[in-house]
Every structure is written in structure tokens, then in C-alpha cells.
Amino acid sequence: MSRMITAAAAQLGPVEREEGRASVVGRLIEMLRAAHARGARLVVFPELALTTFFPRWHITDKEELDGFYEKEMPSNETQPLFDVARDLGVGFNLGYAEQFIDEAGNRRRFNTSILVDRQGEIVGKYRKVHLPGHYEYEPERPWQHLEKGYFEVGDLGFPVFRTMGGVMGMCICNDRRWPETWRVMGLKGVELVTLGYNTPVGNSVAVESPHLRMFHNHMSMQAGAYQNGTWVVGTAKCGMEGGVDMMAGSCIVAPTGEIAALATTNEDEVIVADCDLERGRYIRETVFDFAQHRRIEHYGIIAEQTAAEAPPE
């Protein structure tokens, strides 16, 4: 017996620094409608979808920096996306920069994504855990990667949510490279993971070919999908944005690790796949039957140690 959900990755082309939220939200709505017309009932938008990828700049003007963060969700600017999604009966995942003042009066900033159900209600939130990049301005870089300076490490862990007929989880960009991300959600029975990313085609501090970068992009999602028997919907913000070439390659990956749908442009593009949430069951009950085969008595080092330590010479 199948449990089918038709999912879409709504790849977003460049969002330049001067493009306003109303314009971006209009583009998202257009792709939401296109996905719905092709049968999709879940649409995944990229990381930091509402703005350009601002951590590539060292921004010293506090007011300008503040303008990249969302103080509420939905807001006046983003409410139309929620309204259209509710009217169409389509759920979605949206990545954005979150800012709020906590009870102690501290300003908190996170790289966040939310899961919205088909009634337009927020049913899940995730804050990026594996922040790449650096804290301070580094003049030797051709572009900056100040995620560590602009965001806190996520404080919600890797939650999953029972919604839209399945068990769904979220992660963001660099999280995809870390097997712990997938296994934590796998241990919670995840059946579909949404993943938005903003990834440069080139590595600013090492020599890597674009081909190798894209291989790593897809390999990490395919491995996470197979090793945990889950669907993955990975969505890029891509193209030449802010003078930096950003990776495309949005894809929908089956629990077998096979790519079921793949974007072919560096622009706004919608890809769709029928995702049977039962398809990963045989993987979770055979090769990766955690209850039968995991040996946690040998895994302690994973949670007790961060840096690698080689044996003494």
C-alpha cells in the first residue's frame, strides 16, 4: 500500500542585494502555482529564500544588516505566500534569516526554515546547526562567508513532524554534509527531509572543480537518503548572485539514493516527483534495521569528541 505525496523543489535563481521582498515573494508564488498545476502538494523553497545570500559581504551598517532578517513570520510581505498556499491546499518549506528579542532582552539570530501545512499553518521550525564559514572579516577571501558571525548555532536540534500524511524533517545547506544530521532524524522515523541550500560553485579557500562540488552536493543527499530510508527534496538558490556563481542542481532523491528529479537550469525552475512514503520501509526494515543492527556501544566517541584525534606515533 502506497502513501503518495507529490513534492516539488522550487529552485530560485539569483536574488540581488537590491531586490525587495515583494518581488521575491511574487516569484515564489509563481513557482508555487506552477508546482500545484503539476500536482505538487508540498513545495520546498531554498535557504534564505527571501533575500540575497548576505553573509558573502562584510556589512558594518547595523541598520542594513538588520534589514535582511525577518522579525515575524508570516509578515506583511510574506503573508501573500501563506494565503496562496492555503487557497491551493499546498504545504511548503521556506528558509529565511530569523531575528527576535528573547525574554532576557538579547537579540537572537538564526538561519531558519519552517514547515507550513496545507492549511497555511506553521507546523515545524528548524534552525541551522552546522554553520560553515567564519566569524570575522577575512580580507584574503574573494568573497566572505560570515554565517558564523551573522547567526547563532541552531538550538532546536533536528526535530521531525508528523504532518501532511508523513513524518517530515528539515535541514539546511551545510547540514547535508554531516551524517549525524541524517541519522538523528532517521532515528526519529523520518520519511521525507526538506533541504534548502545556497552554495558557491567555487570554494573560496581551496581548489575544487565545479564538477567535484556538484558531486559532493548530490552524494551527501543521496547517502543520507539511502542510509536512513528517506526521501530528500534539495532546493538551491543559484546562478550569478552578487558576483558569485551559485550552484544549482536542485533534486529530489528517493530512499534508494537514486535521483528521481533533477533541475537543468540556473534559474527559477520547478521540478516535481511522486514520493511514495512507503518506499523506504523495506530499507529501514532490512539493511538499515536500526533495532537489529546498530551497535551503539561502539559509537560513544561520536557524541563525546569533536575534533579528530589520531593514535600516537
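What this report covers is the structure whose coordinates are included nearby. All of these numbers come straight from a predicted model, not from anything done at the bench.

## Focus on the state of the cysteines
Okay, step 1: Enumeration according to the criterion identifies zero disulfides in this entry.
Okay, step 2: Unpaired in terms of disulfides, Cys171 finds its nearest cysteine sulfur in Cys173, a separation of 9.6 Å.
Okay, step 3: Take Cys238: it sits in no disulfide, and the sulfur closest to it among the cysteines is that of Cys251, at 12 Å.

## Some words on the nonpolar core
Okay, step 1: Grouped together as the largest cluster of nonpolar side chains are 41 residues, with contacts concentrated most on Ile5, Leu42, Leu192, Met221 and Ile252.
Okay, step 2: Once residues lying within four places of it in the same chain are set aside, the contact partners of Leu192 are Ile5, Leu42, Val167, Met168, Gly169, Thr230, Trp231, Val233 and Leu277.

## Overview of the pairing of strand β9 (residues 231-236)
Okay, step 1: For β9, the buried fraction is high: six of the six residues fall into the buried class.
Okay, step 2: Residues Trp231, Val233 and Thr235 of β9 are buried on one face, and the alternating residues Val232, Gly234 and Ala236, pointing to the opposite face, are buried as well.
Okay, step 3: As paired elements, strand β8 (residues 192-197) and β9 share six bridges and run parallel to each other. If you follow Val193 over to β9, its bridge partner there is Val232.
Okay, step 4: Traced from β8 through helix α6 (residues 210-228) to β9, the parallel crossover comes out right-handed.
Okay, step 5: Judged from the three bridges that link them, β9 and strand β12 (residues 251-253) form a sheet pairing that is antiparallel.

## Quick look at the sheet that holds strand β7 (residues 166-172)
Okay, step 1: Within the open sheet, the six strands sit side by side as β6-β7-β8-β9-β12-β13. Their pairing is mixed. On the outer flanks of this sheet lie β6 (160-163) and β13 (259-262), each paired with one strand and no other. Here the average twist between neighbouring strands, direction ignored, is 20°.
Okay, step 2: Sheet topology note: the β6/β7 ladder contains four bridges and is antiparallel. Counted as the bridge partner of Arg162 is Val167 from β7.
Okay, step 3: The sheet contacts of helix α5 (residues 179-186) involve β6, β7, β8 and β9, and relative to β7 the element is tilted by about 160°.

## Some details on a nonpolar patch on the surface
Okay, step 1: Together, Ile296, Tyr299, Ile301 and Ile302 give the surface a local cluster of nonpolar side chains, amounting to about 400 Å² of exposed area.
Okay, step 2: Within the fold, Ile301 resides in helix α9 (residues 300-304).

## What to know about the pattern of salt bridges
Okay, step 1: All chains considered together, the criterion is met by 28 salt bridges.
Okay, step 2: A salt bridge links Asp268 to Arg27; the shortest N-O distance between them is 2.7 Å. Note that Asp268 is positioned in the loop between β13 and β14 (269-276) and Arg27 in helix α1 (residues 21-37), a separation of 241 residues in sequence.
Okay, step 3: Judged by relative accessible area, which is 34%, Asp268 ranks as partly exposed.
Okay, step 4: With a relative accessible area of 16%, Arg27 lands in the buried category.
Okay, step 5: Where Lys237 meets Glu241, a salt bridge forms, and the shortest distance between an N and an O atom there is 3.3 Å.
Okay, step 6: Of the residues examined, Lys237 reaches a relative accessible area of 0% and is grouped as buried.
Okay, step 7: Via salt bridges that share partners, Glu98, Asp102, Arg108, Lys125, Arg127, Glu152 and Asp155 belong to a single interconnected network.

## As for the sheet that holds strand β3 (residues 91-101)
Okay, step 1: Reading across the sheet, the six strands line up as β5-β4-β3-β2-β1-β14 and stay open at both edges, with mixed pairing between neighbours. Only two strands of the sheet have a single neighbouring strand rather than two, namely β5 (122-127) and β14. Neighbour to neighbour, the strand axes of the sheet diverge by 30° on average, direction disregarded.
Okay, step 2: Pairing of strand β2 (residues 42-44) with β3, which is carried by three bridges, proceeds in the parallel orientation. Pairing of Leu42 across the sheet is with Gly91, part of β3.
Okay, step 3: The strands touched by α1 within the sheet are β1 (4-11), β2, β3 and β14, with β14 carrying the most contacts at an inclination of about 45°.
Okay, step 4: Across the face of the sheet, helix α3 (residues 79-88) comes into contact with β3, β4 (107-116) and β5 while running at roughly 150° to β3.

## Here's the deal with the pairing of β6
As a general feature of sheets, a regular strand has side chains that alternate between the two faces.
Okay, step 1: Covered by surrounding structure in β6 are Phe161 and Thr163 only, the residues Val160 and Arg162 on the alternate face being uncovered.
Okay, step 2: Connecting β6 to the next strand, β7, in antiparallel fashion are two residues, including Met164 with a positive phi near 50°.

## So, α3
Okay, step 1: Among the residues of α3, those classed as buried are Leu81, Phe82, Val84 and Ala85. Down the axis of α3, the buried set is contained in an arc of 165°. They therefore lie on one face.
Okay, step 2: Tucked inside the fold, the buried residues of α3 contact α1, β3, β4 and β5.
Okay, step 3: Just beyond α3, the residue with positive phi is Gly89, at close to 75°.

## Examining the packing of α5 against α6
Okay, step 1: In contact at an axis separation of 9 Å, α5 and α6 are set at 30° when each is read in the N-to-C sense. Taken together, the axes of α5 and α6 lie roughly parallel to each other. Relative to α6, α5 is oriented so that their crossing is right-handed. Along the contact surface, α5 presents Trp182, Arg183 and Gly186, while α6 presents Ser220, Met221, Gly224, Gln227 and Asn228.
Okay, step 2: Across the contact of α5 with α6, the residue classes tally to two nonpolar, five polar and one charged.

Conventions and cut-offs
Residues numbered from 1 in each chain as written. Predicted model: local features only at pLDDT ≥ 70, side-chain atom pairs only at ≥ 80, totals over all residues. Heavy atoms only, no water. Disulfide = S-S within 2.5 Å. Core = buried A, V, L, I, M, F, W, Y, C linked by side-chain atoms within 4.5 Å. Buried < 20%, exposed > 50% of the residue type's maximum accessible area, 1.4 Å probe, protein only. Contact = heavy atoms within 4.5 Å. Helix = DSSP H or I, 4+ residues; strand = E, 2+ residues; numbered from the N terminus. Pairing = 2+ DSSP bridges. Right-handed = clockwise from strand over helix to strand, strands pointing away. Axes fitted to C-alpha atoms, helices over the stretch in contact; angles between N-to-C directions. Patch = residues over 30% accessible without salt bridge, like charges linked within 9 Å, V, L, I, M, F, W, Y side chains within 5 Å. Areas by Shrake-Rupley, 256 points an atom, 1.4 Å probe, with all protein chains shown as cover. Salt bridge = Lys/Arg side-chain N within 4 Å of Asp/Glu carboxyl O. Arc of directions from axis to C-beta. Parallel < 35°, antiparallel > 145°, perpendicular 65-115°, else oblique. Left-handed = near helix turned anticlockwise from the far one by under 90°. Nonpolar A, V, L, I, M, F, W, Y, C, P; charged D, E, K, R; others polar.

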